[in-house]
Amino acid sequence: MCSACGFPAAPGHWTDAGAATPGDRLRLRFTRVAAVNRLLAPYGLKAHDDGATPGLQLFAADGRRELVADLEALWAAAGRMAGAAIDPLSPRALGDD
């Protein structure tokens, strides 16, 4: 259990597969959050991964924030903050609208 956030330590996310070293896993986490932020930007939201705390922090432009355990929880929280479900494959999220 993380003493900072209360989330239990996770064994790893499936998107970390293939990362052989702790440094590789950390780089993958930062690459993943950068991709998530490109998808959240049209909704005025931003995610942050500090590399040490389990989970992600989600921020709204109006100052709301939420700590989420994983990507599944992130999309649910982002939908609540945006006021509508967010489909990361939608034209809006992909910047095609």
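None of these values were measured; they are calculated from a predicted model. (Residues numbered from 1 in each chain as written. Predicted model: local features only at pLDDT ≥ 70, side-chain atom pairs only at ≥ 80, totals over all residues. Heavy atoms only, no water.)

Draft legend 1. Main features of the overall build of the protein. Helix and strand content of the protein: 3 helices and 3 strands. Secondary structure elements of the protein occur, N-terminal to C-terminal, as α-β-β-β-α-α. For the protein, buried positions account for 31% of its 97 residues. Of the contacts made within the protein by residues no fewer than 6 positions apart, 33% connect residues no fewer than 24 positions apart. For the protein, the computed accessible surface area is about 6000 Å², with 59% contributed by carbon and sulfur atoms. (Helix = DSSP H or I, 4+ residues; strand = E, 2+ residues; numbered from the N terminus. Buried < 20%, exposed > 50% of the residue type's maximum accessible area, 1.4 Å probe, protein only. Contact = heavy atoms within 4.5 Å. Areas by Shrake-Rupley, 256 points an atom, 1.4 Å probe, with all protein chains shown as cover.)

Draft legend 2. How the structure looks around the environment of Ala93. With respect to the secondary-structure elements, Ala93 resides in helix α3 (residues 91–94). C-alpha of Ala93 to C-alpha of Tyr43: the two residues are 50 residues apart in sequence and 7.8 Å apart in space. When residues no more than four places from it in sequence are discounted, the contact partners of Ala93 are Arg38, Leu39, Pro42, Tyr43, Asp87 and Pro88.

Draft legend 3. A look at the pattern of salt bridges. Applying the stated criterion to the full structure yields 4 salt bridges. Arg64 is the salt-bridge partner of Asp62, the closest N and O atoms lying 2.9 Å from each other. In this structure Asp62 comes out as exposed when scored by relative accessible area, which is 56%. Note on Arg64: relative accessible area 37%, which makes it partly exposed. A salt bridge links Glu66 to Arg80; the nearest nitrogen and oxygen atoms lie 2.8 Å apart. Remark: Arg80 occurs in helix α2 (residues 71–82) and Glu66 occurs in strand β3 (residues 65–68); sequence separation between them is 14 residues. Residue Glu66 is classed as partly exposed on the basis of its relative accessible area, which comes to 29%. When its relative accessible area of 53% is taken as the criterion, Arg80 is described as exposed. (Salt bridge = Lys/Arg side-chain N within 4 Å of Asp/Glu carboxyl O.)

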